[in-house]
Amino acid sequence: MKKIKRLVFSLLILFSMNSFSQPEIEKKVDALLSQMTLEEKVGQMTQVTLDVICKGKPFDEKKKQELDKDMLKKVLVDYKVGSILNTGAYTLPREQWYEIISEIQKIALKQTRLKIPVIYGIDAIHGANYTVGATLFPQQLGLAATWNPEFAEQMGAITAYEVRASAIPWNFSPVLDLGRQPLWSRFFETFGEDPYLATLMGDATVKGYQGDNVGDPEKVAACLKHFVGYSNSRSGKDRTPIMMTERELREYYLVPFKSAIEKGAQTIMINSSEIDGVPVHADYHILTSILKEELKFDGFAVTDWEDIVMLHTVHNVADSEKEAVKLAINAGVDMSMVPLKLDFADHLIELVKEGQVPMERIDDAVRRILRVKYRLGLFEKVYYDMKRYPKFGSPEFAEASYKAALESVTLLKNNDRVLPMAKDKKVLVTGVAGNSMIYLNGAWTHTWQGQDPSYDTKGKKTIYQAISDIIGKDNTFYLQGTTEDKDVNTAEVVAKAKEADYIVVCLGELPSTEKVGDIEDLTFPQAQLNLVAELKKTNKPVIVVLVESRPRIFSSVESSMDAILMAYRPGDEGGRAIAATIFGLNNPSGKLPFTYPKHTGSLVLYDHKYSEKRDKNFAFNAFNPQFEFGTGLSYTTFAYSDLKLDKTRCSESESITVSVKVTNTGQLEGKEVVQLYTRDHYASITPSVKRLRRFTKINLKPGESKIVQFTLNKDDLSFLNRKLEWITEPGKFDIMIGDQKAEFEYYIKTTNN
Ligand code: BGC
């Protein structure tokens, strides 16, 4: 009987997924498109924010989210709008998401001529962060620190499940911008500075979101953002000019996008900024020539927030909003996140009638949008019964987030093996991030900026609470010390420290993102640095936990820190993960996915050029970060030996096999990320001092050794030349793993060699 039930259930799942083949979808799209009026087509290209169809003032975090029937009719029936986004201002219970979305779909399916379902999109960037009770994961930068793409895939799969469980089929994630500008407010949303690491993590996330069939009721369409180069502004401020050659753009920033598009990502969101004076929303070269023609992207491109209007109001490349619409649509924008004003649609209809935007462009955009709606199965079923998702917010999902957080924690310093601590000690926890969930989660948590603790998920533990759960209330004290930038009671904390065996100072950066997160100074505010310096005077061991969105500089007090744990934004299970690491219940294995700078004037990346190594004495000693990319300590130790190459010369048709022995030389079981870098000795474009080409994470028992093998080929040694061609030049290369190094020669086969 059970078997029959299981069979019926599997068949139900099968038929409830998008059940059309790609050629069938194309036929259906064409048939539908041929019936559509211009107004209906433009409606599909229009996306408004939920606030537009809700009562009350937009962005009022305290108002009750209630649909406005008249506006609903105006938007969906009169303007035939095909997409809605976002939460009004704060997280909603699942029941309410169902109510809102079913009402929207009911109108789209019953009151419009062609009954085209609405595609609802949301920023669920580290879990279903706008649904009450959802599972919240470490933000992307923390996931990257695990150097374990399995966690990215799991985060994607669980998020997809919980977002779909909230009746939403489209997620504005992952961020594939590279974290190569540490000042940027959205650094924590990236997978760090390296294109190879970001590519593997990005691909895994997309796989988690979309699975093999994006129409599966447990999957969502991914949205790669922000295409392309957005993270690399010259000033470090959000949405300010990027000055970058196409060579650099392609060699670094395009790489993770290209890969995720090849893996089938359904949608992309466009970079809000400008590159070399051209706002990307008006850039035909990037949006059409590269994205659609060269990369053969067949999904759709959505603007970022209000970005068409901003071609007129901010970038000053269009002298009216109508001109802005013309520039953007002709450049290749498929859907406009308007998100408040419907006159985008009026302008576009006029432009088509005047012959300023060709109908083929409109048809191309609408075809792409309908294609994704079909692939998502929205024409078959717009949402599923809430009961279909029994694992929503379950302990099983929380455990997955906890494990990811455990592997993300990065031990950056551990003088005299001060960590792990024994459990029979008294611990003073202090610092603004020490007893707070909002600091652990960061922005895009329950609200846009994530600063309101009144929405905290019930039952989750702060660092202080989690420590006290392990060693008991009587042995744990918490005093705040400072706010983000002001003293609160440092003197009192110092007095209390006398009663403690250890001090855990949780330095923190208030959650923020986008323009709101622009900063003037990368250094930690003085009040927090002062707290560390004052506490060190007590001669008690000072353990610092960093809870931040980007590498805030603390070099002036680094010598006062006995141990440093990087937490990133570890999510709802982050408090437990930090506490477990402090007491040795977790052996840390996170590695920095970026270079941690020591000085504000030296924001140099790991793959810098030789000229960036030169100091004022012309010696090659200038690269001197606080902590290097790829580093992170363990409570055990690892030794590398026996680096071997299967050949010392390698031609273009061959591959080279590299092996290295890694041994756990300490007393504890632990995980190590084995990283392979290459160095090109000489090249016609100045080579980097090293580039990451491969990595793997292995587990070793005390005394255990493993031989790790990697295979490299010509493409792994290539770079982009001035003609924008990927080439590998003959010559010598180094391979570096841990402290091991070997050299080989790459050559082009001729009849003479
Ligand atoms: C952000 C995007 C986000 C969008 C929708 C924008 O301001 O840049 O990352 O997806 O808003 O909320």
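Residues numbered from 1 in each chain as written. Predicted model: local features only at pLDDT ≥ 70, side-chain atom pairs only at ≥ 80, totals over all residues. Heavy atoms only, no water.

1. What to know about the environment of leucine 712
Here leucine 712 lies in strand β22 (residues 705–713). Setting aside its immediate chain neighbours within four residues, leucine 712 contacts Ser655, Ile656, Leu676, Thr678, Arg693, Arg694 and Ile735. (Helix = DSSP H or I, 4+ residues; strand = E, 2+ residues; numbered from the N terminus. Contact = heavy atoms within 4.5 Å.)

2. Structural notes on the site of the ligand
The environment of the ligand is formed by 14 residues, the closest being Asp123, Arg186, His226, Asp304 and Glu514. Within the contact set of the ligand, an oxygen atom lies 3.4 Å away from a side-chain nitrogen or oxygen of asparagine 86. Contact between the ligand and aspartate 123: an oxygen atom at 2.5 Å from a side-chain N or O atom of the residue. Here the ligand loses 96% of its free accessible area of 310 Å² to cover by the protein chains. Residues of the shell around the ligand, tallied by class, amount to 6 nonpolar, 2 polar and 6 charged. (Near = heavy atom within 4 Å. Polar contact = N/O pair within 3.5 Å; in protein donor to acceptor, adjacent residues only side chain to side chain. Areas by Shrake-Rupley, 256 points an atom, 1.4 Å probe, with all protein chains shown as cover. Nonpolar A, V, L, I, M, F, W, Y, C, P; charged D, E, K, R; others polar.)

3. Overview of the pattern of salt bridges
The full count for this structure, using the stated rule, is 53 salt bridges. Between glutamate 534 and lysine 537 there is a salt bridge; the shortest N-O distance is 2.8 Å. According to the relative accessible area criterion, glutamate 534 is partly exposed, its value standing at 23%. On the accessibility criterion, lysine 537 (59% relative accessible area) is exposed. (Salt bridge = Lys/Arg side-chain N within 4 Å of Asp/Glu carboxyl O. Buried < 20%, exposed > 50% of the residue type's maximum accessible area, 1.4 Å probe, protein only.)

4. Quick notes on the packing of helix α7 (residues 149–164) against helix α15 (residues 395–408)
Contact geometry of α7 with α15 gives a least axis separation of 10 Å together with a crossing angle of 150°. Compared by their axis directions, α7 and α15 come out roughly antiparallel. α7 and α15 meet at a crossing whose hand is left-handed. Listed contacts from α15 to Phe151, Gln154, Ile158, Tyr161 and Glu162 of α7 are Phe397, Ala400, Lys403, Ala404 and Glu407. Of the residues that constitute the contact of α7 with α15, the class distribution is 6 nonpolar, 1 polar and 3 charged. (Axes fitted to C-alpha atoms, helices over the stretch in contact; angles between N-to-C directions. Parallel < 35°, antiparallel > 145°, perpendicular 65-115°, else oblique. Left-handed = near helix turned anticlockwise from the far one by under 90°.)

5. So, the packing of aromatic side chains
Across all of its chains, the model carries 24 aromatic pairs by this definition. Measuring from centroid to centroid gives 6.5 Å for phenylalanine 554 and phenylalanine 627, while their planes differ by 40°, and the two rings are tilted. Highlighted residues: phenylalanine 554 in the loop between β15 (542–547) and β16 (563–566) and phenylalanine 627 in the loop between α20 (574–582) and β17 (638–645), separated in sequence by 73 residues. Relative accessible area serves as the criterion here: at 0%, phenylalanine 554 is assigned to the buried category. (Phe/Tyr/Trp six-rings, centres within 6.5 Å; stacked < 30°, edge-to-face > 60°.)

6. Considering helix α14 (residues 359–375)
Owing to its 3.6 residues per turn, the α-helix brings residues three or four apart onto one side. Over its 17 residues, α14 runs 24 Å from end to end, which matches the ideal 24 Å to within 8%, given 1.5 Å per residue. α14 sits mainly inside the fold: 13 of its 17 residues count as buried. Note on α14: the residue one or two positions beyond its end, glycine 377, has a positive phi of about 80°. (Expected span 1.5 Å × (residues − 1).)

7. Points about unusual backbone geometry
Cis geometry is found at the peptide bond from phenylalanine 227 to valine 228, where omega equals -5°. Among the structural elements, valine 228 can be located in the loop between β5 (223–227) and α9 (246–262). The linkage connecting leucine 419 with the following residue, proline 420, adopts the cis geometry, with an omega of -5°. Positioned with a positive phi, asparagine 316 is a non-glycine residue whose angle comes to about 55°. Mapped onto the elements of the fold, asparagine 316 is located in the loop between α11 (307–313) and α12 (321–331). Judged by relative accessible area, which is 61%, asparagine 316 ranks as exposed. Not every positive phi belongs to a glycine, and histidine 446 is a case in point at roughly 70°.

8. Observations concerning the sheet that holds β17
What holds strands together in a sheet is hydrogen bonding between their backbones, with the strands either parallel or antiparallel. Within the open sheet, the 3 strands sit side by side as β17-β19-β22. Their pairing is antiparallel. The open sheet has two edge strands with one neighbour each: β17 and β22. The mean angle between the axes of side-by-side strands here comes to 20°, regardless of whether they run parallel or antiparallel. Pairing geometry for β17 and strand β19 (residues 655–664), over 6 bridges, is antiparallel. Bridge pairing in β19 links phenylalanine 638 to asparagine 664. (Pairing = 2+ DSSP bridges.)

9. A word on the packing of α15 against α20
For the pair α15 and α20, interaxial distance at closest approach is 9 Å and the crossing angle is 45°. Comparing their axes, α20 and α15 come out oblique. Every pair of crossing elements has a handedness; the one defined by α15 and α20 is right-handed. Residues Glu399, Tyr402, Ala405 and Leu406 of α15 touch α20, and the partners they reach there are Gly574, Arg576, Ala577 and Ala580. Among the residues forming the contact of α15 with α20, the class breakdown is 5 nonpolar, 1 polar and 2 charged.

10. Describing the sheet that holds strand β6 (residues 267–270)
The strand order across the open sheet built from 3 strands is β5-β6-β9, with neighbouring strands paired in parallel fashion. Of all strands in the sheet, those with a lone pairing partner are β5 and β9 (300–302), marking the two edges. Across this sheet, the average inter-strand angle for adjacent strands is 30°, counted without regard to direction. In this sheet, β6 lies alongside β5 in parallel orientation, the contact comprising 4 bridges. For lysine 225, the partnering residue across the bridge sits in β6 and is methionine 269. This element, helix α10 (residues 284–294), spans β5, β6 and β9 of the sheet and lies at about 130° to β5.

11. Things to note about the side chain of threonine 199
Turning to its location among the elements, threonine 199 is positioned in helix α8 (residues 195–210). Classification of threonine 199 as buried rests on a relative accessible area of 10%. Setting aside its immediate chain neighbours within four residues, threonine 199 contacts Val255, Pro256 and Ser259.

12. Some thoughts on the confidence of the model for the chain
Looking at the chain, pLDDT values average 96 and 97% of them are 70 or higher. A low-confidence stretch, residues 7–16 (pLDDT under 50), is modelled with 5 contacts involving residues beyond four sequence positions or located in other chains. (pLDDT = per-residue confidence, 0-100.)

13. Some thoughts on the environment of tryptophan 305
Inspection of the secondary structure assignment puts tryptophan 305 in the loop between β9 and α11. Judged by its relative accessible area of 23%, tryptophan 305 is partly exposed. C-alpha of tryptophan 305 to C-alpha of tyrosine 610: the two residues are 305 residues apart in sequence and 40 Å apart in space. Excluding anything up to four places from it in sequence, tryptophan 305 contacts Thr49, Phe59, Leu85, Asn86, Met310, Met337 and Pro339.

14. With respect to the pairing of β6
In β6, alternate side chains face the same way, and those of Thr267 and Met269 on one face and Ile268 and Ile270 on the other are all buried. Bridging between β6 and β9 involves 3 bridges; their strand directions are parallel. Of the residues in β9, the one forming a bridge with threonine 267 is phenylalanine 300.

15. Looking at the environment of serine 512
For serine 512, the location among the structural elements is in the loop between β14 (502–508) and α19 (526–536). With relative accessibility at 8%, the residue serine 512 sits in the buried group. A C-alpha to C-alpha distance of 6.9 Å links serine 512 and glycine 450, two positions 62 residues apart in sequence. In contact with serine 512, other than residues within four places in its own chain, are Ser185, Phe188, Ala443, Gln449, Gln451, Gly517, Ser549 and Arg550.

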